[in-house]
Amino acid sequence: MSEHDGVATPPAATGPRRDKYVDWLRAFSLLVVVLWHWAFTMLAWGPDGPSPTSPLGFTSGLWILTWLLQVMPLFFYVGGHVHLLSWHRACERGVGIGTFVWRRIRSLAIPALALAGTWVVLGVIVTQAFGIRWMDKVVLLVISPLWFIGVYLTLVALLPVSLWLHRHFDVLALIWLGGAALVVDVLRLRYGYEAVGWLNMVIVWGLAHQAGFFYDRVVRLPRRFDAALLWTGLFALFGLVYSGIYPGSMVGVPGDRLSNMAPPTFVIVALLTFQVGLVEMVRPFMERLLERPGWQRVNETVNRFALPLFLFHTTGMAIWVALTWGLLGGAPAASVAPPDVFWWLERPLAVGGALVCTLPVIMLFGRRWTGSSRRREAPNPEVPNPEAADPA
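Values in this document were obtained by computation on a predicted structure and should not be read as measured data.

Chemist: Explain the overall build of the protein chain to me, please; I cannot follow it from the model alone.
Modeler: Secondary structure summary: the protein chain contains 18 helices and 2 strands in total. Buried residues in the protein chain amount to 48% of all 392 residues. Taking the contacts inside the protein chain whose residues are at least 6 apart along the sequence as the reference set, 79% of them involve residues at least 24 apart. Accessible surface computed for the protein chain: about 18700 Å², of which carbon and sulfur atoms make up 69%.

Chemist: I'm lost on a nonpolar patch on the surface in this one. Help?
Modeler: The grouping of Ile64, Leu65, Leu68, Leu69, Phe238 and Tyr242 at the surface amounts to a nonpolar patch, some 550 Å² of accessible area in total. Tracing the backbone shows Leu69 in helix 3 (residues 66–69). The exposure class assigned to Leu69 is partly exposed, which follows from its relative accessible area of 34%.

Chemist: What is the right way to read the pairing of strand 1 (residues 42–46) from this model?
Modeler: Remark: a regular strand shows side chains that alternate across the two faces of the sheet. For strand 1 and strand 2 (residues 49–53), the ladder comprises 5 bridges, and the chain directions are antiparallel. Residue pairing across strands places Ala44 opposite Ser51, the latter belonging to strand 2. Hairpin connection between strand 1 and strand 2: a loop of 2 residues separates the two successive antiparallel strands.

Chemist: Would you mind going over the pattern of salt bridges with me for this structure?
Modeler: One pass over the full model with this rule turns up 7 salt bridges. Across the salt bridge formed by Arg26 and Asp23, the nearest N and O atoms sit 2.6 Å from each other. With Arg26 and Asp23 both in helix 2 (residues 20–40) and 3 residues apart, the pair spans about one turn of that helix. This pair shows no difference in class: Arg26 is buried, exactly as Asp23 is. A single salt-bridge network, built from bridges that share partners, covers Glu280, Arg283 and Glu287.

Chemist: Explain the nonpolar core here, please?
Modeler: For soluble globular proteins, the rule of thumb is that nonpolar side chains tend to be buried together. The biggest cluster of nonpolar side chains holds 97 residues, and the ones touching the most others in it are Phe76, Tyr77 and Trp205. Discounting chain neighbours no more than four positions away, the residues touching Phe76 are Phe148, Val151, Tyr152, Leu155, Trp205, Ala208 and His209.

Chemist: Would you explain the packing of helix 2 against helix 15 (residues 293–328) in this entry?
Modeler: Interhelical geometry of helix 2 versus helix 15 gives an angle of 35° and a closest axis separation of 8 Å. The two elements helix 2 and helix 15 cross, and the hand of that crossing is left-handed. Of the residues in helix 15, those touching helix 2 at Lys20, Asp23, Trp24, Arg26, Ala27, Leu30, Leu31, Val33, Val34, His37 and Trp38 are Trp295, Gln296, Val298, Asn299, Val302, Asn303, Ala306, Leu307, Leu309, Phe310, His313 and Met317. When the residues that make up the contact of helix 2 with helix 15 are grouped by side-chain class, the tally is 15 nonpolar, 5 polar and 3 charged.

Chemist: For this particular structure, what's the right way to read the side chain of Gln70?
Modeler: Looking at the element boundaries, Gln70 is found in the loop between helix 3 and helix 4 (72–92). Under the relative-accessibility criterion, Gln70 is labelled buried at 8%. Of the polar contacts made by the side chain of Gln70, one reaches the backbone nitrogen of Met72; its length is 3.2 Å. At 3.2 Å, the side chain of Gln70 and the backbone oxygen of Met250 are in polar contact.

Chemist: Can you help me understand unusual backbone geometry in this one?
Modeler: Apart from glycine, the bulk of residues carry a negative phi angle, and the bulk of peptide bonds sit in the trans form. Residues Ala262 and Pro263 are joined by a peptide bond in cis, for which omega reads -5°. Tracing the backbone shows Pro263 in the loop between helix 12 (223–241) and helix 13 (267–281). Its identity as a non-glycine residue notwithstanding, Asp170 has a phi of 55°, on the positive side. If you trace the backbone, Asp170 turns up in the loop between helix 8 (159–169) and helix 9 (172–190). Among the residues examined, Asp170 registers a relative accessible area of 27% and is labelled partly exposed.

Chemist: Please explain helix 6 (residues 135–143) as it appears in this structure.
Modeler: Note on helix geometry: an α-helix contains 3.6 residues per turn, so any two residues three or four positions apart are oriented the same way. Within the span of helix 6, buried status applies to Met135, Val138, Val139, Val142 and Ile143. Buried residues along helix 6 cover an arc of 120° about the axis, so they all sit on one side. Of the exposed residues in helix 6, those oriented more than 90 degrees away from the buried face are Asp136 and Leu140.

Reading the values: the criteria
- Residues numbered from 1 in each chain as written.
- Predicted model: local features only at pLDDT ≥ 70, side-chain atom pairs only at ≥ 80, totals over all residues.
- Heavy atoms only, no water.
- Helix = DSSP H or I, 4+ residues; strand = E, 2+ residues; numbered from the N terminus.
- Buried < 20%, exposed > 50% of the residue type's maximum accessible area, 1.4 Å probe, protein only.
- Contact = heavy atoms within 4.5 Å.
- Areas by Shrake-Rupley, 256 points an atom, 1.4 Å probe, with all protein chains shown as cover.
- Patch = residues over 30% accessible without salt bridge, like charges linked within 9 Å, V, L, I, M, F, W, Y side chains within 5 Å.
- Salt bridge = Lys/Arg side-chain N within 4 Å of Asp/Glu carboxyl O.
- Pairing = 2+ DSSP bridges.
- Core = buried A, V, L, I, M, F, W, Y, C linked by side-chain atoms within 4.5 Å.
- Axes fitted to C-alpha atoms, helices over the stretch in contact; angles between N-to-C directions.
- Left-handed = near helix turned anticlockwise from the far one by under 90°.
- Nonpolar A, V, L, I, M, F, W, Y, C, P; charged D, E, K, R; others polar.
- Polar contact = N/O pair within 3.5 Å; in protein donor to acceptor, adjacent residues only side chain to side chain.
- Arc of directions from axis to C-beta.

Structural data, given as structure tokens:
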């Protein structure tokens, strides 16, 4: 329940009512990733296969949009909140932590591994049958967005540690994780220990996930604290980016000295703070909107399809790219030209074509999430349409 007037409602008073805003944030964050890939992926096809880039490398100042559109911090934040709620419900049913963690790992690992395995086998078959030696790069491009599921599963496996830290140290755990992320950046960027930077894949995303344990407390804070989070994160972003140490984009851009995402830097901590403040500032408006019958149906539909859409969206995009090149009868471009007006005008076609090619794949392989027989008793599931993926 949203309380921004400074009066905190006890958790027991809220009852089992489903938090529609949590559903929306979780599904919305996945959809933003899908739309970003469909609309802004630019491919060059050299002798060694496909090489991706984006308009960020050609358009000055466009990177500022990534402060809103790089929503992975928000996804991990909401995921932490839902994990905590699901664990509390599991405790009430007498489910142990080992069983709880294993069920969650299984619910996401099986479809992700199945998808990755299918593409790997397909790549091997095409390579052997047709002698296409760059097929491995195609496979890597298609399955590369699954990286976040790997990190997410790691955080699920570490859930016993996260819960222990939360129970014994509360908000100090966030401070320590933020400090650890900063120390990793110093070792990497000041002293050149590049390999150490990959520790932040767990530290930074673990911090976002741990922050989700405080979701209910953040919701009950007065609105001035929401504004404080927003402005603190925004000023931190400006200070870090314009220090000259970190790039401005929150996604990787070819040509940049480093990426804020691979591995994540301390800048993502500032981005998380900014985004948490932002979603709390717009919460009253969104909660009123999501109570309308039409928006309730939109929210339910988006949540029903968000996860399968994410899993299969690059498969659909690959089909669309192949069809486009086949129908046009032209060889793939060997280099990427800066986007012109025509390129921007055809973005709706790129999104629509990829969507049309993705939907049949979902219908064939995504019935687990989009089926009509779904459990109704889990008010705050872990993943979009999680009734089928929340066996605990």
